Amino acid sequence: MHSKALAYDAIAFDVIGLDADRALAPHRMMPPPQEIADLTDRLIGHGARLVDVVKQVPEAEHSVRATGALKDWYDLTGSGPGAGAMANWVHMRALARMCRTFMDFLHEREGRRRP
């Protein structure tokens, strides 16, 4: 039990939230290609840390959203973005949504709300 609390406490939720917010900015505020690439790399790292903590929770206790986000996470990180001009942006946004879902799930388990 102690290691689970430490794993939760070791997550930089504020940093992940800021990156997710930037990734999910409206289309008119779409970052330039290099920032999309940088954000995508950071979101993949954030998501991997979140997934490690989510996986410590028994599957029977996963929410429907967390279970779906895990499946989507493995699909997206296994295949990467599709082809086309918008593919990298759409891929980055999907990763950000999954990070938010994982954070919400972990906050709910800890009895905390997203800041």
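Coordinates for the structure precede this section.
These remarks concern the structure in this document. In this text, all values refer to a predicted model and were calculated from it rather than measured experimentally.

Bringing the nonpolar core into the picture now. Leu50, Phe102 and Leu106 are the most contacted members of the largest nonpolar core, which totals 31 residues. Counting only elements with at least two residues in this core, the list comes to helix H1 (2–9), helix H2 (13–23), helix H3 (33–54), helix H4 (64–79) and helix H5 (87–110). If you tally residues by element for this core, the top one is H5, at 11 residues. Excluding its chain neighbours within four sequence positions, the residues that come into contact with Leu106 are Tyr8, Ile11, Phe13, Leu50, Val53 and Val54.

Below, the discussion takes up the packing of aromatic side chains. Summed over the entire model, instances satisfying the criterion amount to 2 aromatic pairs. Centre to centre, the rings of Tyr8 and Phe13 are 4.9 Å apart; their planes meet at 45 degrees, and the pair counts as tilted. Assessed through its relative accessible area of 11%, Phe13 is described here as buried. Judged by centre distance (6.1 Å) and plane angle (75 degrees), the rings of Trp73 and Phe102 are edge-to-face. In this pair, Trp73 sits in helix H4 while Phe102 sits in helix H5, placing the two residues 29 residues apart along the sequence.

Let us look at the packing of H2 against H5. With their axes 9 Å apart at the nearest point, H2 and H5 run at an angle of 145 degrees to one another. Of the two elements, H2 crosses H5, and the hand of that crossing is left-handed. Residue-level inspection shows Phe13, Ile16, Gly17, Ala20, Asp21 and Ala23 of H2 in contact with H5, the latter providing Trp89, Met92, Arg93, Ala96, Cys99, Arg100, Met103, Leu106 and His107.

Here His91 lies in helix H5. Owing to a relative accessible area of 7%, His91 belongs among the buried residues under this scheme. With 17 residues separating them in the primary sequence, His91 and Tyr74 have C-alpha atoms 13 Å apart. Beyond its immediate chain neighbours, meaning those up to four positions away, His91 contacts Thr40, Leu76, Gly80 and Pro81.

All right, on to the environment of Val51 then. The residue Val51 is located in helix H3 in this model. When its relative accessible area of 4% is taken as the criterion, Val51 is described as buried. Residues Val51 and Leu39, 12 residues apart in the sequence, show an inter-C-alpha distance of 18 Å. Among all residues touching Val51, those that are not within four sequence positions of it are Leu70, Trp73, Tyr74 and Phe102.

So, how was this worked out
Residues numbered from 1 in each chain as written. Predicted model: local features only at pLDDT ≥ 70, side-chain atom pairs only at ≥ 80, totals over all residues. Heavy atoms only, no water. Core = buried A, V, L, I, M, F, W, Y, C linked by side-chain atoms within 4.5 Å. Buried < 20%, exposed > 50% of the residue type's maximum accessible area, 1.4 Å probe, protein only. Helix = DSSP H or I, 4+ residues; strand = E, 2+ residues; numbered from the N terminus. Contact = heavy atoms within 4.5 Å. Phe/Tyr/Trp six-rings, centres within 6.5 Å; stacked < 30°, edge-to-face > 60°. Axes fitted to C-alpha atoms, helices over the stretch in contact; angles between N-to-C directions. Left-handed = near helix turned anticlockwise from the far one by under 90°.

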